[in-house]
Each structure stands twice: as structure tokens, then as C-alpha cells.
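# Overview (structure and organization)
Each chain is listed here by its residues.
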Amino acid sequence: MFALADCNNFYPSCERLFRPDLEGRPIIVLSNNDGCVIARSNEAKALGIPMGLPFFKLDPKQRRQMVVYSSNYALYGDLSRRVMQVLTTFAPRIEVYSIDECFLDLSGVADPIGEGQRIARTVRQWTGIPVSVGIAPTKTLAKLANRLAKKGQSPDGPVLDWSRLEDPAATLAGIAVEDVWGIGQRWGKRLRALGIADALAVRAAEPRWLRQQFGVVLERLGWELRGRSCLPLAALQPPRQQILVSRSFGAAVSTLPALRAAVTRFATRAGEKLRAQGRCAPALTVFIQTDPFDPARPFYANALTLPFAIPTQDSAALIRQAIRGIERLFRPGDAYRKAGVLLPDLRAAEPGPSDLFADPIADQAAARRMAALDAINRRFGRDTLRVASEMIGTGWQRRAGRMSPSSTTRWSALPTVRAC
DNA sequence: TCTGGGGTCCTAGGACCC
DNA sequence: TCTGGGGTCCTAGGACCC
């Protein structure tokens, strides 16, 4: 038995936490550079604001009705951690599936609905974030159950138990094929062309035929809709296979120093993630691209992968390689809009030299340097210590003009409460 | 003027091995 | 005239997720 706990409109709910006056008002949250709408409150959805809408295309009249936020990942990440921490107390095994979703193993629970209600109530009370809970014998059905609960189609409030549905077939028939977890636009189109337009039709399809037509992924999905679990709970997070840090720039960048500064930042961040995961990188890919939407100039995008003699965890090595790469990719005269650093093919960081010609003394010194850097930044805040080459060029930093305070992760942003 | 970021899995085909 | 069988590894591309 699986439960899926999914936070309702997570980012807007986070924003409301310290702004209870925003309850009932339409809220949208924007992507990096305040580019696109990436989250909406129910009120904003009701106004017809689509997901992914470029913010500048929102008509000014609607914009004025809306409370608009830049995304504040420090806030969302911290609140997510708190929600997951509460969920941990409800099941022996949980799978944190995304920033706002978590599967729980409810096997053996006598009263799943009661338990689901306790989960929703406790998360709400302890963190202030509203959640819905879908319960079912497979993850795919739990996803659907959760969706129905969110739409208010459950007699049990924020909780819906699939096995208690009066007419599951009719329910499945009411779910468009693209709304099933694992079926996107492409497959949705192909399925529709084959006469399969809703979840019920997917369930009715012969799983072996689904495999023939689409591969094993869709076959599993077919079984899951039939109530046979094929997607186990992944309680242990497998280590990352790659780390990507990339950003669109706040403005077009056409100078090498600014690009060096940007990739220094990206490589630094990639190094932090790498060490936090206990992984090391055998190579580094750096990429840049110009504005893909500018009809006046040709689009240019290029990437370069540079190997390390020995897989590394050292930010200094990552940065050197990233700068070397960007200098080779750079073409004078181009106006770049985006760059990034990718660490592919990660492997476990193993102690000791792994190469006959390695310099163990220097390696240990580098490891200690990185450990000190991470410890200082952890204690005093990210970016307390930075690499100088990050600061020699500007103009690439993101725009985020509507950011709320990081009320749970910065002392200076602690809210003040006045008693009257 | 203004268009996000970060991941995973599966499959097919080619190269190569014995 | 006739030309095996069984396997691994790697990569690129396509699909998906939030």
C-alpha cells in the first residue's frame, strides 16, 4: 500500500506562510530571471494562468490582479525539508520524490484513511503547508488518487483511498491520457492516434502490446493501472550520475571576463554538490548559448568536454577546466544568454591516490582546503568564502526583483511579530 | 525589453570480445 | 555453393518527471 503526500501549490503555499494576508489571493511564482510562471495558487489557476507562460506575455491587467514572486529556493528547500521530516514519522520507509512530493509505505496500516488524515493534519499544523494524500496499491494509482483529492473529489477531505472508490472504471475514464503519470505530450498524441484517450483505455490495453508499441515503461504503467505494482518504493536515493549547474543570464553577456566569472560560479556550486554527495568527476563539460528567441541573430550553442587526469572533487580543478573550456568556446561578437557546467559519469570518491603519478601530498592539501571551504560556508552562509575569479566580471547575475525574504534560513530575515 | 533548471530511464545500433 | 553464437560496452537520441 502506497500513500503519496503532495503539497498543495507548494511554492505559493510557502510564500503565504509568512504572509497570511495573501490567503485567498491569486499568487504566481516565476522562474529564474523572472522569466516564466512555474507555480500558481488555486486562485491564479482559476484565472486561467497557464503553467510555463512567459511573464512578459501576461497582460498587464491580469498582472495587476496577481501577487507575483521570484522563486526563493532557500525558502522552498528549507520548508520542503521540514515537511519531509514530519512525514518520516509516519512510515518506516519513505521516498522523497520531488521538492513537494513524497511516497510513504503504508503496508499493514489498518486504517489508511485515518492515517492519511493524521498525516495531512500534522504536516499542516507543524509546518503550515497544506498537503493532500492519495492512497492506492500502486504508485501510479496513488498519483491519480492524490490528484482527485486535490480536486476536492474525496468524501474524506484531503485524503483519497483508491480502493474505496465506488466506480474506479468511471473514474479512470474521466482522466485524460496525458494526465497519467509517465505519459507526456508525445506519447499522449501517439496513444490518442491509436484510439487510447483516457486512463481506462490504457488499463484495458494489453500490456504486452503496450510494450511492443512503446517499450517497457508503458507496459509497467499498464500493469500499475491494473493494480499490480511494478514501481517499487525507492527509499534509498541512488547516488547522482551527473551534476548540472546552469543559468540564463540576467542580460546578454559578450565579454570573456563575465563568462569566466559565470562559469567559475557554476563550477564552484557543482563542486559543492559533488562533495556533499561524496562523488568525484572524471570530466567536466562546459557549454554556452546565445539567445534562441532572437530572430535577428543566428543561434549559436556549443559545448566542450574536458577530462581530468584523475577524477576530482576539487573546486579549483573544476574551475580551471571550466575556464579553459569557456575560453575555447567563446566567439567575440556573440551575445550569450546562458552557460552551464555539467559533471557527467560521476563515481564514488575513493580515498587515496588512484594513479601512479598522483601527488598524494598535494591531493590531501586540496581535500583539506575544500573541507575547510565547505565548513566555513556551511557555518556562516553560502558565499562567505568565494573564489576571486567569480568577482572579476559582472552582468551575468540573475534578475529576481520580487523575492520574498528567506525567513527560515537567514537571521536577518527573521520575521518580527508584534503583540498588541 | 522580457521566454527556467535539474534530473532519470530506455532503446537501438555499432564496435568489440571469445 | 557454403559464412555461428553469445555476449558486453558505449553512445546518441528520445521519452519522461518535477
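It should be noted that the structure appears before, not after, this text.
We now turn to the structure provided with this report. (Residues numbered from 1 in each chain as written. Chains lettered and ligands numbered in written order. Predicted model: local features only at pLDDT ≥ 70, side-chain atom pairs only at ≥ 80, totals over all residues. Heavy atoms only, no water.)

## A short note on the protein's contact with DNA strand C
In the vicinity of DNA strand C lie 13 residues, with Lys143, Gly182, Gly184, Arg186 and Trp187 positioned nearest. Expressed as a percentage, the sugar and phosphate content of the atoms of DNA strand C within 4 Å of the protein is 100%. A distance of 2.9 Å is found between a phosphate oxygen of DNA strand C and a backbone nitrogen or oxygen belonging to Gly182. Going through the elements one at a time, β5 (94–98) and α8 (185–193) are the ones with two or more residues in the surface near DNA strand C. Here the element with the most residues in the surface near DNA strand C is α8; it accounts for three residues. Considered class by class, the residues forming the surface near DNA strand C number five nonpolar, four polar and four charged. (Near = heavy atom within 4 Å. Polar contact = N/O pair within 3.5 Å; in protein donor to acceptor, adjacent residues only side chain to side chain. Helix = DSSP H or I, 4+ residues; strand = E, 2+ residues; numbered from the N terminus. Nonpolar A, V, L, I, M, F, W, Y, C, P; charged D, E, K, R; others polar.)

## Description of the nonpolar core
Formed by 34 residues in total, the largest nonpolar core has its most connected members in Phe249, Leu259, Phe266, Leu284, Ile288, Val341 and Leu343. With ten residues, the single largest contributor to this core is helix α12 (residues 256–277). Not counting residues within four places of it along the chain, the set of residues in contact with Phe266 comprises Val245, Arg247, Phe249, Ala339, Gly340, Val341 and Trp396. (Core = buried A, V, L, I, M, F, W, Y, C linked by side-chain atoms within 4.5 Å. Buried < 20%, exposed > 50% of the residue type's maximum accessible area, 1.4 Å probe, protein only. Contact = heavy atoms within 4.5 Å.)

## Looking at α12
With 22 residues, α12 should cover 32 Å at 1.5 Å per step; its first-to-last C-alpha distance of 31 Å lies within 8% of that length. Phi turns positive one or two residues past the end of α12, at Gly278, with a value near 65 degrees. (Expected span 1.5 Å × (residues − 1).)

## Overview of the packing of helix α1 (residues 10–17) against helix α4 (residues 73–88)
Interaxial distance between α1 and α4 falls to 10 Å at its minimum, and their mutual angle equals 95 degrees. What the angle tells us is that α1 and α4 run roughly perpendicular. Contact residues: Phe10, Tyr11, Cys14, Glu15 and Leu17 in α1; Tyr73, Leu75, Tyr76, Leu79 and Ser80 in α4. Looking at the contact of α1 with α4, its residues break down into eight nonpolar, one polar and one charged. (Axes fitted to C-alpha atoms, helices over the stretch in contact; angles between N-to-C directions. Parallel < 35°, antiparallel > 145°, perpendicular 65-115°, else oblique.)

## A short note on the packing of aromatic side chains
Overall, the coordinates contain eleven aromatic pairs when judged by the stated rule. Put simply, the rings of Phe10, Tyr11, Tyr73 and Tyr76 touch in pairs and so form one group of aromatic residues. The lysine or arginine in question, Arg228, covers the ring of Trp223, its NZ or CZ lying 4.1 Å from the ring centre. Above the ring of Tyr300, the side-chain terminus of Arg331 is found at 3.6 Å from the ring centroid. (Phe/Tyr/Trp six-rings, centres within 6.5 Å; stacked < 30°, edge-to-face > 60°. Lys NZ or Arg CZ within 6 Å of the ring centre and 35° of its normal.)

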